[in-house]
Amino acid sequence: MSTRAAAPTRREQILSEAARLFAARGFHGVGVDEIGAAVGISGPGLYRHFAGKDAMLAELLVGISERLLTGGRHRVAEAAGDPERVLSSLVDGHIDFALDDRALITLHDRELDRLREADRKLVRQLQRQYVELWVEVVRELHPQVAEAEVRVAVHAVFGLLNSTPHLAALGREAVESLLRRLVHGAFGALSA
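Residues numbered from 1 in each chain as written. Predicted model: local features only at pLDDT ≥ 70, side-chain atom pairs only at ≥ 80, totals over all residues. Heavy atoms only, no water.

Looking at an unreviewed UniProt entry, one finds the protein chain named TetR family transcriptional regulator and attributed to Streptomyces spororaveus.

Next comes the structure, spelled out in structure tokens:
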């Protein structure tokens, strides 16, 4: 059995390069020819995979929201019955996302308003469900704390974790460790 990950599909390669380019230069600052060149095909060749740049942006932003929610649900189910373990798993998963998908965080911050209304609503709906996963776990750990306060804490933690595209260059392990301590400290402060 091989332990190597499967090579990304052409579609995944296109999305990865589109995310990188959009994050670096903005959605309107990148043409389909540049995206195509980045993956070794012609710009018009992209239309075999996507209807256009708008479709790429929608798939990137809806896709990451779906991935976070699905991963979060899996982590909750995997560690069910142990809220401390669930929270640690959620934190670790979001740290991995924040460090591995910095371009998507930047893209979300800058370009969410460019999505069609239906796609933007779907992203927001998925994000609300993801927040609720965290709120439920944190409330289980801190039942004495008002739900509104827990919700603010969860959003503040997301702000902290999603600030990673702007972090100075520390090694990954150092950043992971620091973020983990900061997040657990933030939630620990709910009981102070």
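So much for the structure itself; the text now carries on.
**Section: the UniProt feature "domain: HTH tetR-type" (unreviewed entry) in the protein chain**
Under the feature "domain: HTH tetR-type" (unreviewed entry), the UniProt entry names residues 8–68. Taken end to end, residues 8–68 is 66% helix and 0% strand, and its first and last C-alpha atoms sit 19 Å apart. (UniProt positions renumbered as here; feature names shortened; annotations may be inferred. Helix = DSSP H or I, 4+ residues; strand = E, 2+ residues; numbered from the N terminus.)

**What to know about a nonpolar patch on the surface**
On the surface, Leu170, Leu178 and Leu182 cluster together into a nonpolar patch covering about 250 Å² of accessible area. We classify Leu182 as partly exposed; its relative accessible area is 38%. (Patch = residues over 30% accessible without salt bridge, like charges linked within 9 Å, V, L, I, M, F, W, Y side chains within 5 Å. Areas by Shrake-Rupley, 256 points an atom, 1.4 Å probe, with all protein chains shown as cover. Salt bridge = Lys/Arg side-chain N within 4 Å of Asp/Glu carboxyl O. Buried < 20%, exposed > 50% of the residue type's maximum accessible area, 1.4 Å probe, protein only.)

**Concerning the UniProt feature "DNA-binding region" (unreviewed entry) in the protein chain**
The UniProt feature table records "DNA-binding region" (unreviewed entry) at residues 31–50. Taken end to end, residues 31–50 is 40% helix and 0% strand, and its first and last C-alpha atoms sit 14 Å apart.

**Regarding the side chain of His108**
Summarising the element assignment, His108 is placed in helix 5 (residues 102–111). Once residues within four sequence positions are removed from consideration, His108 is found in contact with Leu61, Val123, Arg124 and Gln127. (Contact = heavy atoms within 4.5 Å.)

**A word on the environment of Val150**
Relative to the assigned elements, Val150 resides in helix 7 (residues 147–161). Judged by its relative accessible area of 0%, Val150 falls in the buried class. Along the chain, Val150 and Leu190 lie 40 residues apart, while their C-alpha atoms are 7.7 Å from each other. Once residues lying within four places of it in the same chain are set aside, the contact partners of Val150 are Val135, Val138, Arg139, Val145 and Leu190.

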